[in-house]
Each structure stands twice: as C-alpha cells, then as structure tokens.
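If you want the building blocks of each chain, they are given just below.
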Amino acid sequence: MGNLCSLFAPPKPVKKRRPITKRQPSVPRSASGPRNRLRSSSSSSTRDNKFEDAILFGQQNGGEAGSLPFDRSASQRYPVSGSKKNQLPRSSSTRSRSSTDPLLQPHQFLNKGVKLDDLETNHFILIHGGGFGAWCWYKTIALQEEDGFKVTAIDLAGCGINSCNINSIASLSQYVKPLTDVLEKLPTGEKVILVGHDFGGACISYAMELFPSKISKAVFLAAAMLTNGQSTLDMFSLQAGQSDLMRKAQIFIHTNGNEHPPTAIDLDKSLLKDLLFNQSPSKDVALASVSMRSIPFAPVLEKLSLSDGNYGSVRRYYIETLEDNAIPLALQEHMINSSPPEKVYRLKGADHAPFFSKPQALHKFLLEIARIRASHR
C-alpha cells in the first residue's frame, strides 16, 4: 500500500521523503530492533518456562529456586501480607459471595473487644451428621482456628477415617463412643461447645445427658433435636408427604439377610446434590461424593432418654437452614416448637450442608453463640 500511494504523490513531498528512506537502511538492524526484540522475548520466555520447570522438578541447584518471581508456597488461608487483595480470608468456594454469606475480617470477633479468656470456653467440638465425617468441617475449622479457638472435629464410629464396621454398630452408645471418650478425658472444670449437624443432633443430645457439667452450650445445626422417648427415625417420619426425595435416595443395606432389619442406610449418589448440596459449590459436592459412608441403622432407631436435670440443664441453640431439602424448614420448626431452645438463628440460602454453602455466615453465628455469657441463663 505504501508503494502504491507514492505513485500519486506530488513530486516535492517525494523529494523530501528520500533522505528519510535513505537514512532508514543506514540504521543497523541490531538485536534491539522491534522484530528481533519480539524474537528475543519469545525465546527468552521459552527459556524462562524451561527454567521454571526445571526448578519445579528439582533439576536446578537449590540457590536458583529463589529467583522465582512469586512465592509458590503462599497459602490462601494465610495470604501474603504485602498484597492488599489478599488481606481478607477466603472461603474455599469459587462462587461470587452473596450478602447472606458475609466475609469476615481476620480476628474480627476478637477486635470487638471480647477476649478469648473472657469466654466460658473457647473449645468447639464439631459432630458430623449421618454419612459425613470430620472432613466436612474443614472450612469451619479453618475459620475458627484463625480466630484463636480450639476446634475438635470427631469421626464417629464407622465414619470418616474411623475403622469400625458400620454394619456391626448395634447401639447409639457404640456409635457415639469417640465423642464420649473425648468428653471423659476433659480436665476437671473445662467445658466445651458442642455443635451437632443432622443425625449429630441426636448424638450431642446423648452426650448432654451423660456429661451436662462439661458442656457449656449445644448448637443444633439443621439437626435432629429430639424430645424424651423420641428416636431420629420418629423425627424423620414426621416429614412424610412433604417430600419424597429422601425416601428415593435411601438404600437399605441388609448384611444379615433381607429377612432381618437393615444394618445400614446408604444414599444414592446421583441424588446427593439435590438432597443435601443444592446450594453448595461443585467441588464440595465432589468431595462429599467420594467421602461419605453408610449410616448405621440401629442408632437411628434408638429412642433417647433425656432428663430435665441433665439434658435440660445445657443451654441449647438452633441454626435453621432455609434451603434444606433433607430436613425441610417446616420439620426444623416443628422440632423447635416441640422443645424450644434459648435462641434460633436462620441461615438464608443455606442447604443441608451450611459448612459448604454458607461457611462465613455459619462461622459468624457460632462466634455469636460463644460470646453469650453464662450470666444470661
């Protein structure tokens, strides 16, 4: 195009341009020229990539590893302090954060003027629901530890990494033994806050009856909060007709033969997302699908013996999950009305696994409960 335009240009401008065109060839095309610079940058980038690969696979000397332009060991949980955008704690969710799951500043709870030493206890014990394990609390554990709390997440018998055979569990006491063992070993005068999710509500109720003096508060998180003489199966039977999703998902395991009662209950993995994780991030659904185990049947059938002097002496709190398909809101409110706790919290947008779907909002509620002073009772 440049040569074509020059044919129609007036003579004078052409004469003026000749010295310029003569000067251009006289300039040496060194490696610093634009095209060569591009080639140099490309080859340099290739060399840099190879260099970084060599570092990653341990093929360079230890002294050269420090030449990496970034810190590969930087943790998302403990962000690099020099970066402003990393100064806020991040949950493991990749979704955009909603207003119902607010982001808390690190140590925001402590910065309000409340010291851990002023609390009745700073020790949370987290009890998972049926089929889950201690693994499901990983976001809650991280958030609580960052605020200075002591956290114990327990695998009940046959759950998580506990090696007990699920089909051999014949009673609630056997299923809850990992929890009662921890409570028995607590030093004299030390108290804890129990948090029970799902079937874990029946488990912490059992522990409250045995160890009321060692439990400061009990939190029922979308959980079975039973009355005296009631079983978890009795509670679930109350939702008949509301939704048959749970019924469709249940797979009964008859280890002793079909002529005998089931020994365990499994959940259809193809229905897990709709039943339990309808608001949870996909990676947490994937984690659950490869981590969940069967639920022992005998403990679900067992009716609890709860007294006012023991179970009734422990302060109770309930956290509702408003988008729950496993224990619908109507059933949660029925349990609350049957045995009213001290206070009820509502997690908007939370499914049956709020530790996945609303970890920050759940954390905020747990901290608020920990702050409630004993004198309020």
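Residues numbered from 1 in each chain as written. Predicted model: local features only at pLDDT ≥ 70, side-chain atom pairs only at ≥ 80, totals over all residues. Heavy atoms only, no water.

The name recorded for the chain in an unreviewed UniProt entry is AB hydrolase-1 domain-containing protein, from Brassica campestris.

## Some points on the pattern of salt bridges
Note the cut-off: Between Lys or Arg on one side and Asp or Glu on the other, a salt bridge is scored when a side-chain nitrogen of the former is within 4 Å of a carboxyl oxygen of the latter. Only DSSP runs of H or I reaching four residues or more are called helices, and only runs of E reaching two or more are called strands; each is numbered from the N terminus. Only protein chains enter the accessibility calculation, which uses a 1.4 Å probe. A residue is then buried if its area is under 20% of the maximum for its type, exposed if over 50%, and partly exposed in between.
If you walk through the whole model with that rule in mind, you get eight salt bridges. In this structure, aspartate 181 engages lysine 177 in a salt bridge whose closest nitrogen and oxygen atoms are separated by 3.0 Å. One end of the pair is aspartate 181 and the other is lysine 177, both in helix H6 (residues 172-184) and four residues apart, which spans about a single turn. Judged by relative accessible area, aspartate 181 falls into the partly exposed class, the value being 25%.

## Quick notes on the sheet that holds strand E5 (residues 250-253)
Under the convention used in this document: Here, a strand pair is defined by DSSP locating no fewer than two bridges between the strands.
Pairing within the open sheet is antiparallel, and its three strands lie in the order E5-E6-E7. Strands with a single pairing partner mark the edges of an open sheet, and in this sheet they are E5 and strand E7 (295-296).

## Some thoughts on empty space enclosed by the protein
Counted only if it meets this: Both cavities and pockets are sets of points on a 1 Å grid over the protein atoms alone; in a cavity a 1.4 Å probe fits but cannot get out, in a pocket the set is open with protein on both sides within 12 Å along at least five of seven lines, and lining residues sit with an atom within 4 Å of a point. Grid points are joined across faces, edges and corners, and a volume is the space filled by probe spheres set on the points.
Applying the stated criterion across every chain, the model contains one cavity of 30 Å³ or more. When its volume is computed, the largest cavity comes out at roughly 70 Å³. Considering the residues around the largest cavity, the lining is formed by Gly130, Gly131, Ile265, Asp266, Leu267, Lys269, Leu272, Met292, Arg293, Ser294 and Ile295. Tallying contributions element by element places strand E6 (residues 264-267) first for the lining of the largest cavity, with three residues.

## Structural notes on the nonpolar core
We count it as follows: Only buried Ala, Val, Leu, Ile, Met, Phe, Trp, Tyr and Cys residues count toward a nonpolar core, and they belong to the same one when joined by side-chain atoms within 4.5 Å. In what follows, a contact means two residues having at least one pair of non-hydrogen atoms within 4.5 Å.
Core analysis: the largest hydrophobic core is formed by 45 residues, its most contacted members being Tyr175, Leu179 and Phe220. Counting residues per element, the ones that place at least two in this core are strand E1 (123-127), H6, strand E3 (192-197), helix H7 (200-210), strand E4 (215-221), E6, helix H12 (297-301) and helix H13 (329-338). Dropping the residues within four chain positions of it, leucine 179 is found in contact with Ile125, Ile127, Ile154, Leu156, Leu194, Cys203 and Ala207. Of all hydrophobic cores here, the second largest spans 43 residues; its members include Val195, Leu221, Ala288 and Ala370.

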